[in-house]
Amino acid sequence: MISVYKIKPYFQKSLMPILNALHKKKITANQITVFAIVFSFVLAVLFWYADVYHFFFLCLSIGLLIRMALNALDGMMARLYNQTSKKGELLNEIGDILSDFILFIPLLKFQPESTYLIVLFIGLSIINEFAGLMGKVLGGERRYDGPMGKSDRALVLGIYGLLLFFGVNLSGASLYIFIVINLLLVLSTITRCRKALKNAQ
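Residues numbered from 1 in each chain as written. Predicted model: local features only at pLDDT ≥ 70, side-chain atom pairs only at ≥ 80, totals over all residues. Heavy atoms only, no water.

Draft legend 1. Spatial organisation of the side chain of Gln111. Structurally, Gln111 can be placed in the loop between α6 (107-110) and α7 (115-137). Of the residues examined, Gln111 reaches a relative accessible area of 3% and is grouped as buried. Looking at Gln111, its side chain comes within polar contact range of the side chain of Ser174, at 3.4 Å. With residues up to four places along the chain from it excluded, the contact list for Gln111 reads Ile118, Tyr160, Leu170, Ser171 and Ser174. (Helix = DSSP H or I, 4+ residues; strand = E, 2+ residues; numbered from the N terminus. Buried < 20%, exposed > 50% of the residue type's maximum accessible area, 1.4 Å probe, protein only. Polar contact = N/O pair within 3.5 Å; in protein donor to acceptor, adjacent residues only side chain to side chain. Contact = heavy atoms within 4.5 Å.)

Below, the structure written as structure tokens:
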């Protein structure tokens, strides 16, 4: 399936200098994870008030790119520098779901005509991550399959922020956009479940 996750190896390679610098400063994987969660909450607040301070829409898009980098860095730090732990894994998974949830809430404010679809989108996003975790629960590997995984949702939200920053009115199209996104989320979840079961057999 097509997904932003496919370019993760190239993205991680570009982050190596930052990773090495953080390691020299004795920054741990769990510290990066906690910072990413706090950063996501700050980003959500900026998003909420973007109708008052229009520049915050651009901050959202740039911030989501930084958040993607932080999400990659904590995993890289854990693997490359022997910092993997059950606590870190729990913190990472719960933190990602919590961060996504809080970042998506402001959508209800900006696209009230699509309230039910946005609530469905938030619910399906959580289910999608749960389906990814089931791959590991069933004895295989954590599933990140798209076409609407965590990175894809961050990309979509980032593009949304850019469009609003440049004054594009999405009110008429948001209904159809979220229908498509939700269908892709269902497809992504089914794909993860199928692959998790296949690897468990």
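Next, the rest of the story.
Draft legend 2. Region of the structure containing the packing of helix α5 (residues 86-104) against helix α8 (residues 150-165). Put simply, α5 and α8 touch, their axes get as near as 12 Å, and they point 20° apart. The angle between the axes of α5 and α8 places the two elements in the roughly parallel class. The handedness of the crossing between α5 and α8 is left-handed. Of the residues in α8, those in contact with Asp96, Asp100, Leu103 and Phe104 of α5 are Lys150, Arg153 and Leu157. Each residue belonging to the contact of α5 with α8 can be placed in one class, and the counts come to three nonpolar, no polar and four charged. (Axes fitted to C-alpha atoms, helices over the stretch in contact; angles between N-to-C directions. Parallel < 35°, antiparallel > 145°, perpendicular 65-115°, else oblique. Left-handed = near helix turned anticlockwise from the far one by under 90°. Nonpolar A, V, L, I, M, F, W, Y, C, P; charged D, E, K, R; others polar.)

Draft legend 3. Broad picture of helix α9 (residues 174-200). Taking 1.5 Å per residue, 27 residues should reach 39 Å; α9 reaches 39 Å between its end C-alpha atoms and fits that length. Within the span of α9, buried status applies to Ser174, Phe178, Ile181, Asn182, Leu185, Ser188, Thr189, Thr191, Arg192 and Ala196. Contacts made by the buried residues of α9 are with α6, α7 and α8. (Expected span 1.5 Å × (residues − 1).)

Draft legend 4. Broad picture of the packing of aromatic side chains. Going through the model one piece at a time under the given rule, you end up with eight aromatic pairs. An angle of 50° between the planes, with centres 5.3 Å apart, marks the rings of Tyr53 and Phe56 as tilted. The rings of Phe47, Phe57, Phe110 and Tyr160 are connected pair by pair, giving a single aromatic cluster. A cation over an aromatic ring shows up here: Lys109 above the ring of Tyr49, its NZ or CZ 5.7 Å from the ring centre. (Phe/Tyr/Trp six-rings, centres within 6.5 Å; stacked < 30°, edge-to-face > 60°. Lys NZ or Arg CZ within 6 Å of the ring centre and 35° of its normal.)

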